[in-house]
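This is what each chain is made of:
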Amino acid sequence: MKIGLISSCAPFVDGGGRFIVEWLHQVLQENGYNSEIIYIPSFDDPNCMFEQMTAFRLLSFDNYFDRVITFRPPAHIVKHRHKIVWFIHHARSFYDLWGTMYCPVQPDKYWSSFRANLIAADTNALKEARRLYTNSRVVSERLKKYNRLDSKVLYPPVLHPERFLNKCYGDEIVSICRVEHHKRQHILVEAMAHVKSNVKLRICGVGSKSYVQDIKNTIIKYNLGNKVYFENRWISENEKIDFLSNALAHVYLPFYEDSYGYPTIEAAWSRKATITTDDSGGVSEFVINKINGLVVSNNPRDVAEAFDVMYFNKNLAMEFGNNSYERLSDMGISWKNVLSELLQ
Amino acid sequence: MKVLIVTNMVPFVHGGAEELCFHLVKNIREYGHEAEAIKIPFTYEPAERIIEEMVLCKNICLGNADKVIALKFPAYLIPCENKIFWLVHQYRQAYDLWDANQTNIQKDQRGEQIRSFIKNADNIAFKEAKRIFTVSKVISKRLKYYNNIESISLPSPINDPQNFNGKTQASYIFAGGRVNSGKRQFLLIQALKYAKGVNLIIAGPPDNQEEAEKIYKIVEEENVKDRVKIDLRFLSREEYADYVNRSSAVAYLPFDEDSAGYVTMEAFQAKKPVITTTDSGGVLEIVAHNKTGWVVEPNAEELGVAMCDAIMNPKKTLELGEKGRVILDLLGLNWENTIKRLLA
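Fair warning: this is a prediction, and the values are worked out from it, not measured in the lab.

Visitor: Outline the overall build of chain A, supporting the account with residue identities and numerical values.
Guide: The number of helices and strands found in chain A is 12 helices and 12 strands. Here the C-alpha atoms of chain A give a radius of gyration of 21 Å, agreeing with the 20 Å that 2.2 N^0.38 yields for 344 residues. Once the C-alpha set of chain A is aligned to its principal axes, its extents read approximately 60 × 50 × 35 Å. The buried share among the 344 residues of chain A stands at 43%.

Here it is in structure tokens:
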């Protein structure tokens, strides 16, 4: 079977939107399928959205692929006799962010009608799909709310998860993601000023200059040089495996993220719990408070207390970590499950 | 500098143009810039379809790149500023192949309309370009003849010259590269009956299953199984170089090729002479009869004689190969100069 994996890309930007495509491609190849990735560039510019959708609609794949699987919008607009959609997010400015400060246009008459046409076009294209999957409950709920479509959640696994090991429950809480304001590393650093134990924090990742500087300044301000390690770079896969295998727990508290975040899953494969907050969105689809992690409110004192709880009760860190590992199979987060859904 | 390469692709087809694109990206990165390739799928059957493909490309938004290097039709129609050409392909069936009656565009009024749509779009794109390079003299001449556009011919360098060390160990004729009817590997199999005692190896990726089966069928018909080795798959660079290095001479007979071709240049790098035909186009830019190889009529008998000469007169073969290398070195092709000129 020849399979086309169709997505959009923003040139020069890497991110989660590409991993789901490239990892699936690799797993398909390893399982003897013939697949090819097609990326068409696309931008969040409202002024050329319909032009971009036209380009996607005109693509002709019938001669090349027996089925296509689409990912990032507007790839779902493509036409094919056997289209499967694995929907990872909407054009959010015109959906849940409409009318908020995150939407670049005013909700006036022109843009309201533009929005209605966009939603109609999306809905029609999504209806063409043989099957409609999403990467999280949040995205499925939005499809229901705005497009009135039912979908099935198909959680994206990480590549070759057996690489992730568990060596011990050490002293470090590990954070691995882009360093940006909405990922809220500043709360982590401030929390470290409040901890009572000898717990350490390791922050790994790159991000915007000003926020990175804020984080560095905060570490100096609270004199946390001995307790907070800031790896301000892309760490290697081997370093990631190493940090997680020796970690006490993993922490991830983004502001209203759509999905659980790959590092949460990588931590679970290393049998490590995740600490998160009750306003982190999709993370709590995976993390259940006091079962496989801690879900606290978004202030530094509460986060500090969660860190201390893990440090003073390493058996609890281990129990939560083991539960996280079990949760992977409970939620069907595996390539076996993904292939059986997408190829049925 | 952020550099985007725009080109076209056909799913599951990988040949010289794809190698050129891959190594262009790799080398631009090695000289300290960011680079990424955008590969738009292209369907050109039926001819009416080409119009849609052009509209498709006109609707793609590339976003902000400091420089765009366009390689192929119709991807070079994607609107953007700072565009330069390193032209690999126009749609030849609207130009020289139309004149040669080898075209999928019908010879009537509608066909003329399609051709003029292509030609007009081409003319505008070339006029808007900051600079125009082509990958061969043949392409530059054609561009001048059909579109009255001046350009500079800048052939692509070999990608891994160190692999082609030319250590002779075996005695056979090698035919590498993509396998299809246009590259005419079948003629070499038919030539074996005029080349007693000569062994032939054909190795490379077939464009599709039908092309592969054609080859097997001809081997069967000619009853030359004991003298031909057929290895139809995508070879690693090391495997491919090994076939070249151990051969006596390389045979390459594409019909009216645009450029000298990697196959030819890699043979010369390894000091192997090239057997080609009088209608092979750009290959004749560097292969001359009895100087750097054999240039014969495209028929089995003449090819058989040339193959015999190559195997039976090893001293001559070695000399021709040495001269091929001298010709190649005189061209002075390397990536450093190529990138400098493209990004100047």
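Next, the rest of the story.
Visitor: Let's hear about the overall build of chain B: which residues, and what values?
Guide: Counting its regular elements, chain B contains 12 helices and 12 strands. Relative to its length of 344 residues, chain B is compact, with a C-alpha radius of gyration of 20 Å against a globular reference of 20 Å. Considered along the principal axes of its C-alpha atoms, chain B spans approximately 60 × 50 × 30 Å. A total of 344 residues make up chain B; the buried ones form 46% of that total. Sequence-distant contacts, at least 24 apart, represent 68% of the contacts inside chain B between residues at least 6 apart.

Visitor: Describe the nonpolar core, and please don't skip the residues or the numbers.
Guide: If you look at the biggest cluster of nonpolar residues, it comprises 140 residues, and the most contacted ones within it are A:Phe307, B:Ile5 and B:Val6. When residues in this core are grouped by element, the largest group, 6 residues, is from helix α10 (residues 300–312) of chain A. Excluding residues that lie within four positions of it along the chain, A:Phe307 makes contacts with A:Ile173, A:Ala191, A:Val195 and A:Val199. Core analysis: the next-biggest nonpolar cluster, separate from the first, contains 48 residues, B:Ile215, B:Tyr262, B:Phe268 and B:Trp294 among them.

Visitor: Pulling in residues and values, what's your account of the sheet that holds strand β3 (residues 67–70) of chain A?
Guide: All names here are of chain A. Read across the open sheet, the 6 strands follow the order β2-β1-β3-β4-β5-β6; overall the sheet is parallel. A strand with exactly one partner marks an edge of an open sheet, and here the two such strands are β2 (34–41) and β6 (152–153). Where strand β1 (residues 2–9) meets β2, 8 bridges bridge the pair, whose relative direction is parallel. Within the sheet, the bridge partner assigned to Leu5 lies in β2 and is Ile37.

Visitor: Break down the pairing of strand β12 (residues 293–296) of chain B for me, with residues and values.
Guide: Residue and element names in this part refer to chain B. Along β12, one buried face is formed by Gly293 and Val295 and the opposite face, lined by Trp294 and Val296, is buried too. Both strand β11 (residues 274–277) and β12 contribute to a ladder of 4 bridges, which runs parallel. By the bridge assignment for β12, Thr276 is matched with Val295.

Visitor: Account for the sheet that holds strand β7 (residues 173–176) of chain B, naming residues and giving values.
Guide: All names here are of chain B. Strand order in this open sheet of 6 strands is β9-β8-β7-β10-β11-β12, and the pairing throughout is parallel. What marks the edges here is a single partner per strand, and that holds for β9 (228–231) and β12. On average, each strand axis in the sheet is inclined to that of its neighbour by 20 degrees, with strand direction left out of account. With 2 bridges connecting them, strand β10 (residues 249–251) and β11 associate as parallel partners. By the bridge assignment, Ala251 is partnered in β11 with Ile275. Sheet contacts for helix α10 (residues 300–312): β7, β10, β11 and β12; angle to β12, the most-contacted strand, approximately 170 degrees.

Visitor: Talk me through the interface of chain B and chain A; I want residue IDs and the actual numbers.
Guide: With 20 residues of chain B at the interface, the matching set in chain A holds 23 residues. Grouping the amino acids of the side of chain B that touches chain A by side-chain chemistry returns 12 nonpolar, 3 polar and 5 charged.

Visitor: Requested: an account of unusual backbone geometry, with residues and values cited.
Guide: Leave glycine aside and you will find that most residues have negative phi; peptide bonds, for their part, are mostly trans. Note that the residue after A:Pro73, namely A:Pro74, is joined by a cis bond; omega there is 0 degrees. If you trace the backbone, A:Pro74 turns up in the loop between β3 and β4 (83–87). Cis geometry marks the peptide bond from B:Phe73 to B:Pro74; its omega dihedral reads -5 degrees. Within the fold, B:Pro74 resides in the loop between β3 (67–72) and β4 (83–89). With a phi angle near 60 degrees, A:Arg271 is a residue other than glycine that sits in the positive phi range. Relative to the helices and strands, A:Arg271 is located in the loop between α8 (262–269) and β11 (274–277). Judged by C-beta crowding, with 23 C-beta atoms within 10 Å, A:Arg271 ranks as buried.

The rules behind these values
Residues numbered from 1 in each chain as written. Chains lettered and ligands numbered in written order. Predicted model: local features only at pLDDT ≥ 70, side-chain atom pairs only at ≥ 80, totals over all residues. Helix = DSSP H or I, 4+ residues; strand = E, 2+ residues; numbered from the N terminus. Rg over C-alpha atoms; globule rule 2.2 N^0.38 Å. Buried ≥ 20, exposed ≤ 12 C-beta atoms within 10 Å, placed from the backbone. Contact = placed C-beta atoms within 7 Å. Core = buried A, V, L, I, M, F, W, Y, C linked by C-beta atoms within 7 Å. Pairing = 2+ DSSP bridges. Axes fitted to C-alpha atoms, helices over the stretch in contact; angles between N-to-C directions. Nonpolar A, V, L, I, M, F, W, Y, C, P; charged D, E, K, R; others polar.

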